[in-house]
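Analysis of the macromolecular model
The residues making up each chain are set out below.
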Amino acid sequence: MKSGVFGPLSIVVITLVATSAMAQTQITFTKDVAPILQERCQVCHRPGTFAPMSLLTYEEARPWAKSIKEKVLMREMPPWHIDKNVGIQRFSNDISLSDEEIAVIVKWVDNGAPKGNPADMPPARKFEDKETWQIGQPDLIINLPKDVVVRANAPDQWPDILVDPGLKEDRYVKGVQIIPIKGFPVIHHIRTSIVEPTDETRNSGQLDGTDGALEVGEQGVFLNEYAIGKKGDVFPEGSGRLIKAGTKINFQLHLHASGQETPTNVALGLTFYPKGYVPKHVISSTTVSVAKIDLRPNTANVRSDGYLTLLKPARLLSFQPHMHNRGKAECLEAIYPTGKVEMLSCAKFYFNWHINYVYHDDAAPLLPSGTVLHSISWHDNTAANKFNPDPDAQITWGQRTVDEMGSAWISWYYMSEQDFKKETEARRAVPQVLSSAR
Ligand code: HEC
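Values in this document were obtained by computation on a predicted structure and should not be read as measured data. (Residues numbered from 1 in each chain as written. Predicted model: local features only at pLDDT ≥ 70, side-chain atom pairs only at ≥ 80, totals over all residues. Heavy atoms only, no water.)

A word on the overall build of the chain
Selection criterion: Numbering of helices and strands starts at the N terminus; helices are DSSP runs of H or I of at least 4 residues and strands are runs of E of at least 2. Each residue gets one of three labels from its accessible area relative to the maximum for its type: buried under 20%, exposed over 50%, partly exposed in between, using a 1.4 Å probe on protein chains only. Any two residues whose heavy atoms approach within 4.5 Å are treated as being in contact. For every accessible area listed, the method is Shrake-Rupley and the probe measures 1.4 Å; residues are considered covered only by the protein chains on display.
The helix and strand tally for the chain stands at six helices and 22 strands. Taken over 438 residues, the chain has a buried fraction of 50%. Restricting the contact set of the chain to residue pairs at least 6 apart, pairs at least 24 apart contribute 83%. Accessible area of the chain: about 20,500 Å², with a carbon and sulfur share of 56%.

Observations concerning the confidence of the model for the chain
Rule in force here: Known as pLDDT, the predictor's confidence for each residue is given on a scale from 0 to 100.
Per-residue confidence for the chain gives a mean pLDDT of 86, with 88% of residues at or over 70. Considering only residues more than four positions removed or in separate chains, one finds that residues 1–23, a stretch of pLDDT under 50, has two contacts. Throughout residues 200–217 the model reports pLDDT below 50, and contacts reaching past four residues in sequence, or to other chains, amount to 47 contacts.

Observations concerning helix α5 (residues 99–110)
Just so we agree on the cut-off: Here, expected helix span is obtained from the residue count minus one, scaled by 1.5 Å. Taking the helix axis as origin, the arc is that swept by the directions to the C-beta atoms.
Here α5 is twelve residues long and its end C-alpha atoms lie 16 Å apart, about the 16 Å a rise of 1.5 Å per residue gives. Considered for burial, the residues of α5 that qualify are E101, I102, I105, V106, W108 and V109. Viewed end-on, α5 has its buried residues packed into an arc of 160°, placing them on one side of the element. Residues of α5 that are exposed and point more than 90 degrees away from the buried face comprise D99 and E100. Residues of α5 that are buried make contact with α2 (29–40), α3 (58–61) and α4 (65–73). Taken from the residues just after α5, G112 is the one with a positive phi, measuring 95°.

Digging into the side chain of D380
For clarity, the cut-off: For this count, His and the chain ends are skipped, Lys and Arg are scored as positive, and Asp and Glu as negative. Salt bridges are counted wherever a side-chain nitrogen of Lys or Arg sits within 4 Å of a carboxyl oxygen of Asp or Glu. Contacts described as polar in this section are N or O atom pairs within 3.5 Å, which, within protein, must combine one atom able to donate a hydrogen with one able to accept it, while residues neighboring in sequence count only if both atoms come from side chains.
Counting through the fold element by element, D380 comes out in strand β20 (residues 372–381). Summary of buried charges: D380 has no salt-bridge partner, and the nearest side chain of opposite charge, K328, is 4.6 Å away. At 2.7 Å, the side chain of D380 and the side chain of T382 are in polar contact. Residues within four places of D380 in sequence aside, it is in contact with T299, A300, N301, R326, K328, N385 and N388.

A few points about the sheet that holds β20
Threshold: Two strands qualify as a pair provided that DSSP identifies no fewer than 2 bridges between them. Whenever a helix is involved, its axis is fitted only over the stretch in contact; in every case the axis is a line through C-alpha atoms, and angles between N-to-C directions fall within 0 to 180 degrees.
Across the sheet, which stays open at both edges, the four strands sit in the order β14-β20-β16-β17 with antiparallel pairing between neighbours. The two strands at the open ends of the sheet, each matched to only one other strand, are β14 (299–309) and β17 (341–348). Across the sheet, the axes of successive neighbouring strands diverge by a mean angle of 15°, strand direction being ignored. The pairing of strand β16 (residues 327–335) with β17 spans seven bridges and is antiparallel. When the bridges of β17 are listed, A334 appears paired with E342.

What to know about the site of the ligand
Let me state the cut-off plainly: One heavy atom suffices: a residue is near a molecule or strand as soon as one of its heavy atoms comes within 4 Å of it. The classification used treats Ala, Val, Leu, Ile, Met, Phe, Trp, Tyr, Cys and Pro as nonpolar, Asp, Glu, Lys and Arg as charged, and all other residues, Gly among them, as polar.
Around the ligand lies a shell of 19 residues, among which C41, C44, H45, M77 and N352 are the nearest. H45 places a polar side-chain atom, nitrogen or oxygen, 2.8 Å from a nitrogen atom of the ligand. Interatomic distance of 3.0 Å between a side-chain N/O atom of W353 and an oxygen atom of the ligand. Per-class residue counts for the shell around the ligand are 13 nonpolar, four polar and two charged.

Points about the environment of I27
By the element assignment, I27 lies in the loop between α1 (7–25) and α2. A relative accessible area of 9% places I27 in the buried class. When the C-alpha atoms of I27 and V106 are compared, they prove to be 9.9 Å apart, with 79 residues separating the residues in sequence.

Examining the coordination of the iron atom of the ligand
What counts, and what does not: Listed donors are limited to N, O and S atoms within 2.8 Å of the metal, widened to 3.2 Å for Na, K and Ca; water is not among them, so incomplete-looking sites are possible. Square planar and octahedral assignments, for four and six donors respectively, both demand that opposite donors be over 155 degrees apart and that all other angles lie between 65 and 115; tetrahedral needs four donors with all angles between 85 and 135 degrees, and anything else is irregular.
Within the protein, the atoms that donate to the iron atom of the ligand are H45 (NE2) and M77 (SD), at distances of 2.0 to 2.3 Å. Because the angles between the six donor atoms bound to the iron atom of the ligand fall within 83 to 179°, the donor set is best described as octahedral. Of this pair, H45 sits in the loop between α2 and α3 while M77 sits in the loop between α4 and α5, placing them 32 residues apart in sequence. A relative accessible area of 28% places M77 in the partly exposed class.

Here we look at the packing of aromatic side chains
Filter applied, for reference: Classification of ring pairs uses Phe, Tyr and Trp, with its six-membered ring standing for Trp, and accepts pairs whose centres are within 6.5 Å; under 30 degrees between planes counts as stacked, over 60 as edge-to-face, and the remaining range as tilted. Only lysine NZ and arginine CZ atoms are considered, and such an atom sits over a ring when it is within 6 Å of the ring centre and within 35 degrees of the ring normal.
Under the defined criterion, the tally for this structure stands at 13 aromatic pairs. Arranged with centres 4.7 Å apart and planes meeting at 50°, the rings of W412 and Y414 form a pair that is tilted. Judged by relative accessible area, W412 falls into the buried class, the value being 6%. Aromatic rings pair up to connect W80, F91, F319, Y357 and Y359 into one cluster. In this structure, R46 packs its charged tip against the face of F127, placed 4.1 Å from the ring centre.

So, in structure tokens, the structure goes:
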């Protein structure tokens, strides 16, 4: 060790400072970290789920301390990948950590991840039964006609299963939820889509025909998605989605083998408005998607753009980036009729998560008629992308998982000019809320 005149002295000073700081802010697992893990992590990280490890106890969490620090700092965990530096930040399904929570975890790890006083440990968290309907008892429950069996050791699989629920009449949906009824430990997530009789031969509705390509294998229009901990969707009173007679439901499952052969099945529950009732706001989903993608081998940060014109004033309800293995990030921008441009949302993209970001009621963009929604998709076709099966391949647009896409799924409803005026005025009356109304 270096022994200069100030050597020993400065060591003493540092030790003193460190000790007094530690005394005030000694961060321990039982007192500080366990409550965060309970609130934000354990819904997935507990025995019997598809997550790689349990984080219920100190003994279970301690070996992962370094990895936990890295994942929370990168905001990879919990899986909420919205860019916190641009765009709207208020979402109704936000599961991210606050900056303070991240700081607590990082300090805990940097200080050697101490356990602390066992008496500080909060009582174990209780988890909701995964098979309860949070939307109320459904009027219609749709199951897979037969179980999908996941072999003990299989690569991840993404089957698409089209189910005909035999709908004889048009109904407006008030609530929608998916619950896993068999094979919970292997279900990473599920997306469902509405496939109307005409959709089987044409594309899920581009509003202005900028694209028009058929997404076979990813048929239909996004309905809802399931991941552990996600609650059902209940649309605000007076709004709902139309599901027409003869509509089929496409289930896309992401299944992840658990080391044990596992039969899997799920239930999609729908609650309806009373027969004959037409909600004031009819919610639709569609994509703002690129028509062309050209990824050269070993190339990062390839950008593709898509556009969609709104023909009436609209309220944008949610944004779900959708790409394949080489997706990296996606943004959604509004180009207003005045020419003004506003970034609404940007999110990093990881192929194993398909997160639908649902805007908070007070922040859902109010977009005037003529607004152009602009999706910006970024792909990474290099080996640095761990989901990339072959960085030497040339990749173009296509429906198969080995091809690429760049779609922003959006849910929205149109409204009259009069209602738009009312909603924008009501929005202006709410202080300090990010408003995109122009
Ligand atoms: C919605 C479910 C979910 C939530 C919530 C969640 N995780 Fe995870 N976590 C996963 C899954 C699944 C993986 C496996 C990798 C993947 O699929 O992204 C994972 C991976 C990890 C890893 C990497 C493990 C490895 O194999 O290297 C760490 C560390 C981690 N999570 C920590 C956390 C922490 C800390 C929290 C809370 C602050 C959290 N996770 C919240 C599902 C979740």
